[in-house]
Amino acid sequence: MKSIIQKYPRAFLLIAAVFWFGLYKTLEPLSHILVNTLPLEAGSHAYGALQFFLYDTPKVLLLLAGVVMVMGMVNSYFTPERTRALLAGRHEGAGNIMASMLGIVTPFCSCSAVPLFIGFVQAGVPLGVTFSFLISAPMVNEVALALLLALFGWKIAALYLVMGLSIAIVAGYVIGRLKMEAHLEDWVRNMSHVQPIVGADELTLTERIYAGIASVREIVGKVWPYVLAGIAIGAGIHGYVPQDFMAGLMGRDAPWWSVPVSVLIGVPMYTNAAGIIPIVEALLAKGASLGTVLAFMMSVIALSLPELVILRKVLKPRLICTFVGVVSLGIMLVGYVFNAVV
């Protein structure tokens, strides 16, 4: 394969795309064939749950691999140094918008929160602009958008994009206007500023393909257990949770507190977009309202407890609480707005 990639990189991409699309189209009929070979009654709870699992597992993993491959090539243009250089010296407002937009296409997650935060502070990126990026990068990333597009259509994906960016921009702006630099840990605040240096971009198409393949190995290799866990939970909801129960708990006529409770449930969970979307798919199929489900999804991705523990190394408790409070209010507002208008 290496020789093909090196000699004919464009042909390799075309063949890989055709193979990926053909495989994707076989998944649904294949899942029905597999489940029909088992001694299960068609239409039973176990039948529905197993068919969901057998279909969604390869579907989500295949979508994830395709998206990560493409974005791994795109992300080869957006190194941490280049991102810091683009944001250095940006003022609030325009800086928050640019940081949130960069968060969509940059390959950073909660595990890289501390080194990114330190790098941004050293480069002189304003605190509020830094937070806009840290909110947008995990929540409005390319994997979430591509999976939402493939599973729910462009309208829901576009709504999620607009609302996610709005939260990142507004929350970062608010945190910036609060002037909370004093609540950075002392060792972070006292670091000397450095000028980010960006080298020339000399990667060839072949090297970018290898970067995409490396991203697939790294990211899919890390997240597949969360994908399987999310699909298993989604399969259980799909097969065994009564629709009336879910509609009453998270549906349009559910109590007002369903949105904040969904956010509170989501924060302690540790997963990613690929792991949470199968659960979202099952919840929506059972009658849960879009706003409540999106609020749950956003809280899981943007406010995970492990990320907050990691950020504690560089932020004092008051700034962490402010960050959680501002983002949570934005997420709940999105939930209520969606429930009211969709």
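Because the structure is a prediction, the values reported are computed rather than measured. (Residues numbered from 1 in each chain as written. Predicted model: local features only at pLDDT ≥ 70, side-chain atom pairs only at ≥ 80, totals over all residues. Heavy atoms only, no water.)

Asks: Help me understand the nonpolar core in this model?
Replies: Here is a general trend for soluble globular proteins: nonpolar side chains tend to be buried in one another's company. Core analysis: the biggest nonpolar cluster contains 89 residues, and Phe117, Met139, Tyr160, Ile276, Met297, Leu315 and Phe323 have the highest contact counts within it. Grouped together as the second largest cluster of nonpolar side chains are six residues, Ile5, Met69, Met73 and Ile213 included. (Core = buried A, V, L, I, M, F, W, Y, C linked by side-chain atoms within 4.5 Å. Buried < 20%, exposed > 50% of the residue type's maximum accessible area, 1.4 Å probe, protein only.)

Asks: In this structure, what is going on with the pattern of salt bridges? I would like to understand it.
Replies: Note that side chains of opposite charge can pair when their charged atoms are close. As enumerated under the stated definition, the model contains four salt bridges in all. Put simply, aspartate 56 and lysine 59 hold a salt bridge, and the shortest N to O gap is 3.3 Å. Linking aspartate 56 with lysine 59, this pair stays in helix H4 (residues 45-75), spanning three residues, or about one helical turn. We note that aspartate 56, like lysine 59, is buried. We note a salt bridge from lysine 59 to glutamate 281, for which the minimum N-O separation is 3.5 Å. Separated by 222 residues along the polypeptide, lysine 59 in helix H4 and glutamate 281 in helix H15 (residues 273-285) bring together distant segments of the chain. Exposure class is identical for lysine 59 and glutamate 281. Each is buried. One connected set of salt bridges, linked through shared partners, spans Asp56, Lys59 and Glu281. (Salt bridge = Lys/Arg side-chain N within 4 Å of Asp/Glu carboxyl O. Helix = DSSP H or I, 4+ residues; strand = E, 2+ residues; numbered from the N terminus.)

Asks: Explanation requested: the layout of surface pockets in the structure shown.
Replies: Rolled over the atoms, a probe as big as a water molecule pinpoints where empty space is left. Size it by volume and the second largest pocket reaches roughly 640 Å³. Lining the second largest pocket we find 21 residues, and of these Phe12, Ala16, Ala65, Met69 and Ile213 sit closest to its centre. Going through the elements one at a time, helix H1 (2-7), helix H2 (9-25), H4 and helix H12 (205-240) are the ones with two or more residues in the lining of the second largest pocket. Considering every element that reaches the lining of the second largest pocket, the biggest residue donor is H2, with eight residues. Looking at the lining of the second largest pocket residue by residue, the classes come out as 18 nonpolar, one polar and two charged. (1 Å grid on protein atoms, 1.4 Å probe; cavity = no way out; pocket = protein on both sides within 12 Å on 5 of 7 lines; lining within 4 Å. Points joined across faces, edges and corners; volume = space filled by probe spheres on them. Nonpolar A, V, L, I, M, F, W, Y, C, P; charged D, E, K, R; others polar.)

Asks: It is not clear to me how the packing of aromatic side chains should be interpreted in this structure. Could you clarify?
Replies: Two measures describe an aromatic ring pair: the distance that separates the ring centres and the angle between the ring planes. Per the stated rule, a full pass over the model turns up two aromatic pairs. A centroid spacing of 5.4 Å and a plane angle of 10° characterise the contact between tryptophan 20 and tyrosine 24, whose relative ring orientation is stacked. A residue pair is termed a helical-turn pair when its members lie 3 or 4 positions apart in one helix, as tryptophan 20 and tyrosine 24 do in helix H2 at four residues. A ring pair is formed by phenylalanine 131 and phenylalanine 323, whose centres lie 5.2 Å apart and whose planes are at 35°; its orientation type is tilted. In this pair, phenylalanine 131 is assigned in helix H8 (residues 127-139) and phenylalanine 323 in helix H18 (residues 317-341), connecting sequence segments 192 residues apart. (Phe/Tyr/Trp six-rings, centres within 6.5 Å; stacked < 30°, edge-to-face > 60°.)

Asks: Quick question: what am I supposed to make of the packing of helix H9 (residues 142-152) against helix H10 (residues 154-177) here?
Replies: Axis angle and axis distance: for two packed helices, these are the angle between their axes and the distance between the axes, and together they describe the pair. Relative orientation of the contacting elements H9 and H10 amounts to 150°, with a least axis distance of 7 Å. Taken together, H9 and H10 sit at an angle that is classed as roughly antiparallel. Seen from H9, the contacting residues are Ala144, Leu145, Leu148, Leu149 and Phe152; seen from H10, they are Trp154, Ile156, Ala157, Tyr160 and Leu161. The residue makeup of the contact of H9 with H10, split by class, is 10 nonpolar, no polar and no charged. (Axes fitted to C-alpha atoms, helices over the stretch in contact; angles between N-to-C directions. Parallel < 35°, antiparallel > 145°, perpendicular 65-115°, else oblique. Contact = heavy atoms within 4.5 Å.)

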